[in-house]
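Architecture and fold: a report
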Amino acid sequence: LDPRTLETLGVERFGGKLERAVSAHAKVDPVSGELLFFDYATTPPYMTYSVVSARGELTHHEPIDLPGSRLPHDMAFTEHYSLLMDLPLFWDPQLLERKVHKVTYYPEMPSRFGILPRYGTNADVTWFEASPCYIYHVVNAWEEGDEFVMDACRVIQAEPGAKRGEGELARMRAFLRLEAQLCRWRFNLATGAVTEDQLDDEKTEWPTINRHKMGRTSRYAYNSMVPHYEGLVKYDTLRGTSEKYLFGAGRTSNEAPFAPRAGARDEDDGYVVTFVADANAANSSEVVILDAKNFAAGPVARVRIPQRVPVGFHSTWIPGDQIRAR
Ligand SMILES: [Fe+2]
């Protein structure tokens, strides 16, 4: 896409080399500039894993063995490793053979997390088993000694029950009422041990961090309160504390990316930026900017915009000098 106009420019094949798709949540290493991503398919290989250099060349592309067709939404990476997910929420395989796509949770199966060196092959993947769950979004990951540490939002009810009276869209609406909690997994690459700790009872998702910290130790995350998006939570996972800002009755936010202040040194020296829709005023939205260091104090700026932005979209913040005109 043209980043200024969002016009479609064409399909990116990274020099004609990439024949597979690119998943949601492709990730950029802020140090090397490499783009890391996976994809998934309904026929083998069920997953591929790729690295694209900062110059836009596909430098690594590897099929990853999975026991069947899966539906991972995100991945994680550290300075030296990447993590891929095989979680027990996927299309019912029998129905899939008949081209029916029914997302089904299999709580009798474990969650599997595969860790490989950034330029590793399928044979280099170490698979770790943990309790069954589904994860949409990873907060961040980093290395601590032999451990690969990952913070992510663990979905509370992977296959939510549809409510009566919501008609034919009931099942879809149930999935949209996403509820999750911040959790930390530790995968020990030397011993194979896995620990999994819930860091907060509050239901939050759509995590964002200071992107300069991607793949490196980080302590702050900015999450949306779910399922109603009535506010944002700033986590300090080093101190184990959190702060909250609520937007007020009828006002709902979206994913809230972190924008570092120019010349910032501290991880949380910057702004948290989000779209807020106001149900009290038709077609009304604002861009709301919070000071990340003074989070609970409320907005430092509100910018009314001419178009309502509905709740629940991904967003990102990109410094203007990184958006190249074509
Ligand atoms: Fe997503």
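Residues numbered from 1 in each chain as written. Predicted model: local features only at pLDDT ≥ 70, side-chain atom pairs only at ≥ 80, totals over all residues. Heavy atoms only, no water.

Remarks on the overall build of the protein
Put simply, the rule reads: The helix and strand labels rest on DSSP assignments: H or I over at least four residues marks a helix, E over at least two residues marks a strand, and numbering proceeds from the N terminus. Type-normalised accessible area, obtained with a 1.4 Å probe on protein chains alone, sets the label of each residue: buried when under 20%, exposed when over 50%, and partly exposed for intermediate values. The contact criterion used is simple: two residues touch if any of their non-hydrogen atoms lie within 4.5 Å.
For the protein, the count of helices and strands is 2 helices and 23 strands. Dimensions of the protein along its principal axes, counting C-alpha atoms only, are 50 × 50 × 45 Å. Out of the 326 residues belonging to the protein, those deemed buried represent 47%. Here the analysis covers contacts within the protein between residues at least 6 apart in sequence; of these, 51% occur between residues at least 24 apart.

Looking at the coordination of the iron ion
Using the following cut-off: Water is absent from the atoms considered, so a metal site may look incomplete; donors are defined as N, O and S atoms within 2.8 Å of the metal, or 3.2 Å for Na, K and Ca.
Looking at the iron ion, one finds its protein donor set to be His25 (NE2), His73 (NE2), His137 (NE2) and His314 (NE2), positioned 2.1 Å from the metal centre. Mapping the donors of the iron ion onto the primary sequence gives the spacing H-x47-H-x63-H-x176-H. Within this pair, whereas His25 is found in the segment before strand 1 (27–28), its partner His314 is found in the segment after strand 23 (299–305), the two being separated by 289 residues in sequence. By relative accessible area, His314 is classed as partly exposed at 39%.

Some points on the packing of aromatic side chains
Rules: Whether two aromatic rings pair depends on their centres lying within 6.5 Å, for rings of Phe, Tyr and Trp, where Trp uses its six-membered ring; planes under 30 degrees apart make the pair stacked, over 60 edge-to-face, and the rest tilted. Charge-over-ring contacts are defined here by two conditions on Lys NZ or Arg CZ: a distance within 6 Å of the ring centre and an angle within 35 degrees of the ring normal.
Throughout the structure, instances matching the rule amount to 11 aromatic pairs. Between the aromatic rings of Phe113 and Trp185, the centroid separation amounts to 5.9 Å while the plane-to-plane angle is 50°, which identifies the pairing as tilted. In this pair, Phe113 sits in strand 9 (residues 111–117) while Trp185 sits in strand 13 (residues 180–188), placing the two residues 72 residues apart along the sequence. Side by side, Phe113 and Trp185 carry an identical accessibility label, which is buried. When the ring centre of Phe90 is taken as origin, the NZ or CZ atom of Arg70, which lies over that ring, is 3.8 Å away.

A look at the nonpolar core
Selection rule: Remark: nonpolar core denotes a set of buried residues (Ala, Val, Leu, Ile, Met, Phe, Trp, Tyr, Cys) joined through side-chain atoms within 4.5 Å.
Formed by 27 residues in total, the largest nonpolar core has its most connected members in Leu83, Phe113, Ile135, Met150, Trp185 and Phe187. Contributing elements (two or more residues each) for this core: strand 6 (81–86), strand 9, strand 10 (126–130), strand 11 (135–144), strand 12 (147–155) and strand 13. Top contributing element to this core by residue count: strand 12, with 4 residues. Core analysis: the next-biggest nonpolar cluster, separate from the first, contains 23 residues, Tyr46, Ile64, Leu182 and Ala221 among them.

Quick notes on the sheet that holds strand 6
Selection rule: Strand pairing is assigned whenever DSSP identifies at least 2 bridges connecting the two strands.
Strands sit in the order 5-6-9-10 across an open sheet of 4 strands; the sheet is antiparallel. Two strands bound the open sheet, and with one partner strand each, they are strand 5 (76–77) and strand 10. Both strand 5 and strand 6 contribute to a ladder of 2 bridges, which runs antiparallel. Pairing of Ala76 across the sheet is with Leu83, part of strand 6.

Re the domain arrangement of the protein
Accessible area lost on assembly of the parts is the figure often given for the size of an interface. Worth spelling out the cut-off: In this entry, domain limits derive from an automatic or database-based domain assignment. Defined here as a combined quantity, buried area equals the accessible surface (1.4 Å probe) lost by two parts on assembly, summed across both. Basic side-chain nitrogens of Lys or Arg form a salt bridge, by our definition, when they fall within 4 Å of a carboxyl oxygen of Asp or Glu. Charged residues are taken to be Asp, Glu, Lys and Arg, nonpolar residues to be Ala, Val, Leu, Ile, Met, Phe, Trp, Tyr, Cys and Pro, and polar residues to be all remaining types, Gly included.
By the assigned domains, the protein splits into domain 1 (1–199) and domain 2 (211–326). Between the C-alpha centres of domain 1 and domain 2 the distance comes to 24 Å. Counting residues at the interface gives 28 residues for domain 1 and 19 residues for domain 2. The junction of domain 1 with domain 2 conceals about 1,900 Å² of combined surface from both sides, 60% of it contributed by carbon and sulfur atoms. In this structure, Arg216 engages Asp29 in a salt bridge whose closest nitrogen and oxygen atoms are separated by 3.3 Å. Secondary-structure elements contributing two or more residues to the side of domain 1 that touches domain 2 are strand 1, strand 11, strand 12 and strand 13. Sorting elements by how many residues they give to the side of domain 1 that touches domain 2 places strand 11 first, with 5 residues. Residues belonging to the side of domain 1 that touches domain 2 are distributed by class as follows: 14 nonpolar, 5 polar and 9 charged.

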